[in-house]
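Listed below, chain by chain, are the residues.
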Amino acid sequence: MAAGIVEVFAKSGLDVVYVGRSADKVEGVRATIEKSLDKAIQRGKLEEATKAEVLGRLTGTTSLDDLANVDLVVEAIAEDLRIKTTLFENLDEICKPGAIPATTTSSLPVISLAKATNRPQDVIGMHFFNPAPIMKLVEVVSTVATAEDVAETVRALCDKVGKVAVSCGDRAGFIVNALLFPYLNDAVKMLEAHYATADDIDTAMKQGCALPMGPFELLDVVGNDVSLAIQRELYLEFREPGFAPAPLLEHLVTAGYLGRKTQRGFRDYSQR
Ligand code: 3HC
(Lines give C-alpha, C1' and ligand atoms only; values in the text may rest on other atoms or scores of the structure.)
Protein backbone atom coordinates (compact mmCIF):
# COMPACT_ATOMS: atom_id res chain seq x y z
CA MET A 1 0.00 0.00 0.00
CA ALA A 2 2.80 2.42 0.96
CA ALA A 3 4.71 1.87 -2.30
CA GLY A 4 1.47 2.29 -4.27
CA ILE A 5 0.73 5.62 -2.58
CA VAL A 6 4.27 6.92 -3.18
CA GLU A 7 3.81 5.98 -6.86
CA VAL A 8 0.49 7.82 -7.10
CA PHE A 9 1.99 11.11 -5.88
CA ALA A 10 5.23 10.86 -7.87
CA LYS A 11 3.32 10.03 -11.09
CA SER A 12 1.32 13.23 -10.59
CA GLY A 13 4.43 15.38 -10.58
CA LEU A 14 4.92 15.75 -6.82
CA ASP A 15 8.26 15.29 -5.08
CA VAL A 16 8.01 12.50 -2.52
CA VAL A 17 10.22 11.76 0.47
CA TYR A 18 9.44 8.26 1.73
CA VAL A 19 10.71 6.69 4.93
CA GLY A 20 11.39 2.97 5.37
CA ARG A 21 12.48 1.04 8.44
CA SER A 22 15.73 -0.15 6.83
CA ALA A 23 17.84 0.46 3.73
CA ASP A 24 16.46 -2.82 2.34
CA LYS A 25 12.86 -1.66 2.80
CA VAL A 26 13.68 1.68 1.16
CA GLU A 27 15.18 -0.13 -1.83
CA GLY A 28 12.22 -2.55 -1.87
CA VAL A 29 9.74 0.31 -2.23
CA ARG A 30 11.70 1.75 -5.15
CA ALA A 31 11.88 -1.69 -6.81
CA THR A 32 8.12 -2.20 -6.36
CA ILE A 33 7.40 1.18 -7.92
CA GLU A 34 9.77 0.51 -10.81
CA LYS A 35 8.01 -2.81 -11.49
CA SER A 36 4.61 -1.14 -11.42
CA LEU A 37 5.79 1.64 -13.77
CA ASP A 38 7.09 -1.01 -16.18
CA LYS A 39 3.68 -2.68 -16.06
CA ALA A 40 1.99 0.68 -16.69
CA ILE A 41 4.27 1.19 -19.73
CA GLN A 42 3.41 -2.29 -21.05
CA ARG A 43 -0.28 -1.44 -20.65
CA GLY A 44 0.16 1.81 -22.55
CA LYS A 45 -0.68 3.88 -19.44
CA LEU A 46 2.72 5.58 -19.16
CA GLU A 47 5.38 6.83 -21.57
CA GLU A 48 8.80 5.17 -21.26
CA ALA A 49 10.43 8.63 -20.91
CA THR A 50 8.19 9.50 -17.96
CA LYS A 51 9.51 6.57 -15.90
CA ALA A 52 12.87 8.24 -15.20
CA GLU A 53 11.09 11.50 -14.28
CA VAL A 54 8.83 9.68 -11.81
CA LEU A 55 11.76 7.82 -10.23
CA GLY A 56 13.70 11.10 -10.10
CA ARG A 57 11.01 12.59 -7.83
CA LEU A 58 11.58 9.93 -5.16
CA THR A 59 13.84 10.38 -2.16
CA GLY A 60 14.05 7.27 -0.01
CA THR A 61 15.38 7.52 3.54
CA THR A 62 15.39 5.68 6.86
CA SER A 63 15.24 8.89 8.91
CA LEU A 64 11.99 10.56 9.95
CA ASP A 65 13.97 13.81 10.30
CA ASP A 66 13.95 14.06 6.51
CA LEU A 67 10.24 14.87 6.76
CA ALA A 68 10.95 18.25 8.39
CA ASN A 69 10.03 20.27 5.30
CA VAL A 70 7.20 18.30 3.72
CA ASP A 71 3.66 19.71 3.44
CA LEU A 72 1.84 16.40 3.96
CA VAL A 73 2.80 13.08 5.56
CA VAL A 74 0.84 9.99 4.57
CA GLU A 75 1.42 7.39 7.26
CA ALA A 76 1.09 3.78 6.04
CA ILE A 77 2.72 1.67 8.78
CA ALA A 78 1.44 -1.36 10.72
CA GLU A 79 -2.20 -1.33 11.85
CA ASP A 80 -1.25 -1.08 15.52
CA LEU A 81 -2.47 1.85 17.57
CA ARG A 82 0.59 1.97 19.83
CA ILE A 83 3.04 1.98 16.92
CA LYS A 84 1.03 4.60 15.03
CA THR A 85 0.59 6.79 18.12
CA THR A 86 4.34 6.89 18.73
CA LEU A 87 4.90 7.82 15.09
CA PHE A 88 2.37 10.67 15.26
CA GLU A 89 4.05 12.00 18.41
CA ASN A 90 7.37 12.00 16.52
CA LEU A 91 5.86 13.57 13.39
CA ASP A 92 4.40 16.34 15.51
CA GLU A 93 7.90 17.21 16.74
CA ILE A 94 9.60 16.89 13.35
CA CYS A 95 7.16 18.38 10.83
CA LYS A 96 6.89 22.11 10.23
CA PRO A 97 3.83 23.99 11.51
CA GLY A 98 0.93 23.67 9.09
CA ALA A 99 2.10 20.33 7.67
CA ILE A 100 -0.75 17.83 7.51
CA PRO A 101 -0.23 14.44 9.21
CA ALA A 102 -2.57 12.00 7.42
CA THR A 103 -3.12 8.35 8.23
CA THR A 104 -4.11 5.56 5.86
CA THR A 105 -5.53 3.48 8.69
CA SER A 106 -8.38 1.23 7.62
CA SER A 107 -9.56 0.28 11.09
CA LEU A 108 -8.27 2.52 13.88
CA PRO A 109 -9.88 5.74 15.17
CA VAL A 110 -8.18 8.73 13.50
CA ILE A 111 -9.01 10.84 16.57
CA SER A 112 -6.66 8.70 18.70
CA LEU A 113 -3.78 9.70 16.42
CA ALA A 114 -4.89 13.35 16.34
CA LYS A 115 -4.81 13.38 20.15
CA ALA A 116 -1.19 12.21 20.09
CA THR A 117 -0.22 15.53 18.46
CA ASN A 118 -0.45 19.21 19.35
CA ARG A 119 -2.18 19.85 16.04
CA PRO A 120 -5.36 17.72 16.15
CA GLN A 121 -7.05 20.16 13.75
CA ASP A 122 -4.51 19.16 11.04
CA VAL A 123 -4.77 15.37 11.43
CA ILE A 124 -6.93 13.56 8.90
CA GLY A 125 -7.54 10.12 7.38
CA MET A 126 -6.68 9.36 3.76
CA HIS A 127 -7.93 5.85 3.16
CA PHE A 128 -6.61 4.45 -0.12
CA PHE A 129 -7.69 1.15 -1.68
CA ASN A 130 -5.72 -1.83 -2.89
CA PRO A 131 -4.00 -1.69 -5.36
CA ALA A 132 -3.44 2.03 -4.71
CA PRO A 133 -2.04 2.95 -8.14
CA ILE A 134 -5.19 1.59 -9.83
CA MET A 135 -8.12 2.06 -7.44
CA LYS A 136 -9.52 5.57 -7.76
CA LEU A 137 -11.15 6.05 -4.37
CA VAL A 138 -9.78 7.87 -1.33
CA GLU A 139 -12.01 8.20 1.72
CA VAL A 140 -11.15 11.52 3.38
CA VAL A 141 -11.86 11.00 7.05
CA SER A 142 -12.48 14.01 9.29
CA THR A 143 -12.48 13.58 13.05
CA VAL A 144 -14.48 15.81 15.39
CA ALA A 145 -11.33 17.96 15.61
CA THR A 146 -10.30 18.18 11.92
CA ALA A 147 -10.43 21.70 10.48
CA GLU A 148 -12.62 22.05 7.38
CA ASP A 149 -9.87 23.83 5.40
CA VAL A 150 -7.56 20.83 6.00
CA ALA A 151 -10.23 18.47 4.65
CA GLU A 152 -10.71 20.81 1.69
CA THR A 153 -6.95 20.83 0.96
CA VAL A 154 -6.77 17.03 1.09
CA ARG A 155 -9.79 16.61 -1.19
CA ALA A 156 -8.21 19.04 -3.68
CA LEU A 157 -4.95 17.08 -3.50
CA CYS A 158 -6.81 13.82 -4.23
CA ASP A 159 -8.29 15.47 -7.29
CA LYS A 160 -4.84 16.68 -8.41
CA VAL A 161 -3.39 13.16 -8.21
CA GLY A 162 -6.30 11.65 -10.16
CA LYS A 163 -8.22 10.12 -7.27
CA VAL A 164 -11.90 10.42 -6.42
CA ALA A 165 -12.40 11.68 -2.87
CA VAL A 166 -15.43 11.01 -0.69
CA SER A 167 -15.82 12.58 2.74
CA CYS A 168 -16.79 10.57 5.76
CA GLY A 169 -16.78 10.54 9.53
CA ASP A 170 -14.36 8.77 11.82
CA ARG A 171 -16.34 5.55 12.34
CA ALA A 172 -15.00 2.00 12.12
CA GLY A 173 -14.81 0.91 8.48
CA PHE A 174 -15.61 4.40 7.15
CA ILE A 175 -17.93 3.79 4.16
CA VAL A 176 -16.42 1.01 2.05
CA ASN A 177 -15.07 -1.36 4.69
CA ALA A 178 -18.21 -1.03 6.84
CA LEU A 179 -20.15 -2.45 3.89
CA LEU A 180 -17.48 -4.72 2.35
CA PHE A 181 -16.04 -6.60 5.32
CA PRO A 182 -19.26 -8.06 6.76
CA TYR A 183 -19.74 -9.58 3.28
CA LEU A 184 -16.17 -10.94 3.18
CA ASN A 185 -16.55 -12.32 6.71
CA ASP A 186 -19.81 -14.02 5.69
CA ALA A 187 -18.02 -15.61 2.75
CA VAL A 188 -15.45 -17.12 5.16
CA LYS A 189 -18.28 -18.43 7.38
CA MET A 190 -19.92 -19.95 4.29
CA LEU A 191 -16.67 -21.71 3.40
CA GLU A 192 -16.24 -22.96 6.97
CA ALA A 193 -19.76 -24.37 6.94
CA HIS A 194 -18.85 -26.39 3.80
CA TYR A 195 -21.68 -24.66 2.03
CA ALA A 196 -19.59 -24.26 -1.13
CA THR A 197 -15.92 -24.29 -2.15
CA ALA A 198 -13.77 -21.14 -2.28
CA ASP A 199 -13.60 -21.50 -6.08
CA ASP A 200 -17.36 -21.72 -6.41
CA ILE A 201 -17.99 -18.81 -4.04
CA ASP A 202 -15.47 -16.66 -5.96
CA THR A 203 -16.96 -17.67 -9.30
CA ALA A 204 -20.50 -17.01 -8.05
CA MET A 205 -19.72 -13.46 -6.92
CA LYS A 206 -17.73 -12.63 -10.04
CA GLN A 207 -20.21 -14.03 -12.52
CA GLY A 208 -23.35 -13.26 -10.53
CA CYS A 209 -22.53 -9.72 -9.41
CA ALA A 210 -19.94 -8.66 -12.00
CA LEU A 211 -17.31 -8.12 -9.29
CA PRO A 212 -13.69 -8.08 -10.51
CA MET A 213 -12.58 -10.47 -7.74
CA GLY A 214 -14.35 -13.03 -5.61
CA PRO A 215 -14.19 -12.67 -1.79
CA PHE A 216 -11.26 -15.08 -1.30
CA GLU A 217 -9.22 -13.56 -4.11
CA LEU A 218 -9.81 -10.16 -2.55
CA LEU A 219 -9.00 -11.30 1.01
CA ASP A 220 -5.69 -12.71 -0.24
CA VAL A 221 -4.88 -9.38 -1.91
CA VAL A 222 -5.86 -7.23 1.08
CA GLY A 223 -4.20 -9.61 3.58
CA ASN A 224 -5.94 -11.76 6.17
CA ASP A 225 -4.22 -9.91 9.04
CA VAL A 226 -5.48 -6.54 7.80
CA SER A 227 -8.92 -8.04 7.17
CA LEU A 228 -9.07 -9.54 10.65
CA ALA A 229 -8.08 -6.21 12.23
CA ILE A 230 -10.84 -4.43 10.30
CA GLN A 231 -13.43 -7.08 11.20
CA ARG A 232 -12.47 -6.88 14.90
CA GLU A 233 -12.85 -3.09 14.91
CA LEU A 234 -16.27 -3.33 13.25
CA TYR A 235 -17.34 -5.86 15.86
CA LEU A 236 -15.99 -3.71 18.72
CA GLU A 237 -17.67 -0.56 17.52
CA PHE A 238 -21.07 -1.83 16.34
CA ARG A 239 -21.46 -4.88 18.65
CA GLU A 240 -23.37 -6.77 15.96
CA PRO A 241 -23.01 -10.51 16.75
CA GLY A 242 -22.77 -11.25 13.02
CA PHE A 243 -19.68 -9.02 12.78
CA ALA A 244 -17.61 -11.36 14.99
CA PRO A 245 -14.63 -12.50 12.90
CA ALA A 246 -15.07 -15.94 11.33
CA PRO A 247 -12.91 -18.45 13.26
CA LEU A 248 -11.23 -19.61 10.03
CA LEU A 249 -9.98 -16.06 9.41
CA GLU A 250 -8.47 -16.00 12.92
CA HIS A 251 -6.81 -19.40 12.35
CA LEU A 252 -5.29 -18.44 9.01
CA VAL A 253 -3.74 -15.36 10.62
CA THR A 254 -2.41 -17.40 13.55
CA ALA A 255 -0.88 -19.83 11.06
CA GLY A 256 0.81 -16.96 9.20
CA TYR A 257 -1.28 -17.58 6.07
CA LEU A 258 -1.78 -13.89 5.43
CA GLY A 259 -2.46 -13.96 1.69
CA ARG A 260 -0.35 -13.17 -1.36
CA LYS A 261 2.27 -11.34 0.69
CA THR A 262 3.21 -14.59 2.48
CA GLN A 263 2.63 -16.79 -0.60
CA ARG A 264 -0.27 -18.46 1.15
CA GLY A 265 -3.70 -17.37 2.32
CA PHE A 266 -6.95 -18.96 1.27
CA ARG A 267 -4.89 -20.19 -1.68
CA ASP A 268 -1.27 -21.23 -2.18
CA TYR A 269 0.71 -18.84 -4.41
CA SER A 270 4.18 -20.36 -3.97
CA GLN A 271 4.17 -22.05 -7.40
CA ARG A 272 2.60 -19.14 -9.32
N1 3HC B 1 -0.16 1.02 -13.40
C2 3HC B 1 -1.19 1.63 -13.99
N3 3HC B 1 -2.27 0.99 -14.44
C4 3HC B 1 -2.29 -0.35 -14.31
C5 3HC B 1 -1.24 -1.05 -13.70
C6 3HC B 1 -0.14 -0.31 -13.23
N7 3HC B 1 0.89 -0.89 -12.62
N8 3HC B 1 -1.55 -2.36 -13.69
C9 3HC B 1 -2.74 -2.46 -14.26
N10 3HC B 1 -3.20 -1.26 -14.63
C11 3HC B 1 -4.49 -0.92 -15.24
C12 3HC B 1 -4.71 -1.74 -16.51
O13 3HC B 1 -4.16 -1.10 -17.64
C14 3HC B 1 -6.22 -1.76 -16.59
O15 3HC B 1 -6.71 -0.54 -17.04
P16 3HC B 1 -7.92 -0.47 -18.13
O17 3HC B 1 -9.09 -1.08 -17.44
O18 3HC B 1 -8.06 0.99 -18.42
O19 3HC B 1 -7.42 -1.26 -19.29
C20 3HC B 1 -6.62 -1.87 -15.11
O21 3HC B 1 -5.52 -1.31 -14.36
C22 3HC B 1 -6.87 -3.29 -14.68
O23 3HC B 1 -5.65 -4.02 -14.86
P24 3HC B 1 -5.54 -5.58 -15.25
O25 3HC B 1 -6.32 -5.84 -16.49
O26 3HC B 1 -4.12 -5.99 -15.23
O27 3HC B 1 -6.08 -6.28 -14.05
P28 3HC B 1 -7.48 -6.85 -13.77
O29 3HC B 1 -8.46 -6.56 -14.84
O30 3HC B 1 -7.22 -8.24 -13.37
O31 3HC B 1 -7.89 -5.96 -12.51
C32 3HC B 1 -7.83 -5.15 -10.33
C33 3HC B 1 -7.05 -5.88 -11.40
C34 3HC B 1 -7.98 -3.68 -10.72
C35 3HC B 1 -7.03 -5.25 -9.05
C36 3HC B 1 -9.22 -5.80 -10.20
O37 3HC B 1 -9.07 -7.17 -10.02
C38 3HC B 1 -10.03 -5.22 -9.08
O39 3HC B 1 -10.63 -4.15 -9.20
N40 3HC B 1 -10.09 -5.96 -7.95
C41 3HC B 1 -10.82 -5.54 -6.77
C42 3HC B 1 -9.96 -4.61 -5.97
C43 3HC B 1 -10.70 -4.10 -4.76
O44 3HC B 1 -11.84 -4.37 -4.51
N45 3HC B 1 -9.95 -3.35 -3.95
C46 3HC B 1 -10.45 -2.83 -2.72
C47 3HC B 1 -10.02 -3.74 -1.61
S48 3HC B 1 -10.55 -3.18 -0.03
C49 3HC B 1 -9.34 -2.14 0.45
O50 3HC B 1 -8.35 -1.93 -0.21
C51 3HC B 1 -9.58 -1.44 1.74
C52 3HC B 1 -8.41 -1.62 2.66
O53 3HC B 1 -8.72 -0.91 3.87
C54 3HC B 1 -8.15 -3.03 3.04
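Our subject in this report is the structure included herewith. (Residues numbered from 1 in each chain as written. Predicted model: local features only at pLDDT ≥ 70, side-chain atom pairs only at ≥ 80, totals over all residues. Heavy atoms only, no water.)

## Examining the site of the ligand
Rules: Note on terminology: near, applied to a residue and a molecule or strand, indicates that one of the residue's heavy atoms is within 4 Å of it. As used in this structure description, the phrase polar contact means that two N or O atoms lie within 3.5 Å; if the pair is within protein, one of them must be able to donate a hydrogen and the other to accept it, and residues adjacent in sequence are counted only when both atoms belong to side chains. Here the accessible surface of atoms and residues is derived via Shrake-Rupley with a 1.4 Å probe, and residues count as covered only by protein chains that are part of the display. Each helix is a run of H or I in the DSSP string that is no shorter than four residues. Each strand is a run of E no shorter than two, and both are numbered from the N terminus. Think of it as three bins: nonpolar holds Ala, Val, Leu, Ile, Met, Phe, Trp, Tyr, Cys and Pro, charged holds Asp, Glu, Lys and Arg, and polar takes everything else, Gly as well.
As a structural note, the neighbourhood of the ligand is formed by 20 residues, with S36, R43, K45, H127 and N130 the closest of them. Between the ligand and N130, the relevant distance is 2.8 Å, taken from a nitrogen atom to a main-chain nitrogen or oxygen of the residue. In the environment of the ligand, an oxygen atom lies 3.0 Å from a nitrogen or oxygen atom belonging to the side chain of N177. Summarising the interface, the protein chains cover 69% of the accessible area of the ligand, which totals 1,100 Å² for the free molecule. Put simply, the parts of the chain that give the shell around the ligand at least two residues each are helix 2 (23-42), helix 7 (176-192) and helix 9 (215-222). Split into classes, the residues belonging to the shell around the ligand amount to 11 nonpolar, five polar and four charged.

## Notes on the nonpolar core
Just so we agree on the cut-off: Among the buried residues, those of types Ala, Val, Leu, Ile, Met, Phe, Trp, Tyr and Cys that are joined through side-chain atoms within 4.5 Å form a nonpolar core. A 1.4 Å probe rolled over the protein chains alone gives each residue an accessible area, and that area as a share of the maximum for its type sets the label: buried under 20%, exposed over 50%, partly exposed in between. Domain extents, as shown, originate in an automatic or database domain assignment. Note on definitions: a residue-residue contact is assigned when non-hydrogen atoms from the two residues lie within 4.5 Å.
Counting 33 residues, the largest nonpolar core has F9, I33, L58, I124, M126, F128 and V154 as the members making the most contacts within it. When we break this core down by domain, the ones giving at least three residues each are domain 1 (1-62) and domain 2 (63-170). Ignoring any residue separated from it by four or fewer positions in sequence, one finds V154 in contact with I100, I124, M126 and V140. Membership of the second largest hydrophobic core comes to 20 residues, among which are A172, L218, L219 and F243.

## A look at the packing of helix 9 against helix 10 (residues 224-238)
The line we're drawing: Axis definition: a line fit to C-alpha positions, over the contact stretch in the case of helices; interaxial angles, taken between N-to-C directions, run 0 to 180 degrees. When an angle is under 35 degrees it counts as roughly parallel; over 145 it counts as roughly antiparallel; between 65 and 115 it counts as roughly perpendicular; any other value is oblique.
Contact geometry for helix 9 and helix 10: axes closest at 6 Å, N-to-C directions at 100°. Comparing the axis directions of helix 9 and helix 10 gives the class roughly perpendicular. Residues L219, D220 and V222 of helix 9 touch helix 10, and the partners they reach there are N224, V226 and S227.

## Looking at unusual backbone geometry
Residue P131 follows N130 across a cis peptide bond; omega there is -10°. Summarising the element assignment, P131 is placed in the loop between strand 5 (124-128) and strand 6 (137-142). Positive phi is not limited to glycine here, since R239 has a value of about 55°. Mapped onto the elements of the fold, R239 is located in the loop between helix 10 and helix 11 (247-255). A positive phi angle is found at Q263, which is not glycine, with a value near 70°. By secondary structure assignment, the location of Q263 is in the segment after helix 11. Of the residues examined, Q263 reaches a relative accessible area of 41% and is grouped as partly exposed.

## Some remarks on a positive patch on the surface
Going by this rule: Exposure above 30% relative accessible area and the absence of a salt bridge qualify a residue for a patch, where like charges join within 9 Å and nonpolar side chains (Val, Leu, Ile, Met, Phe, Trp, Tyr) within 5 Å. By definition here, a salt bridge exists when the distance from a side-chain nitrogen of Lys or Arg to a carboxyl oxygen of Asp or Glu is within 4 Å. All tallies of charge rest on Lys and Arg as positive and Asp and Glu as negative; His and the ends of each chain are not included. To locate a charge, take atom NZ for lysine, CZ for arginine, CG for aspartate or CD for glutamate.
Together, K35, K39, R43, K45 and K136 make up a region of like positive charge exposed at the surface. Checked against the element boundaries, K39 lands in helix 2. The exposure class of K39 is partly exposed, given its relative accessible area of 46%.

Any functional reading would require information beyond the geometric quantities listed.
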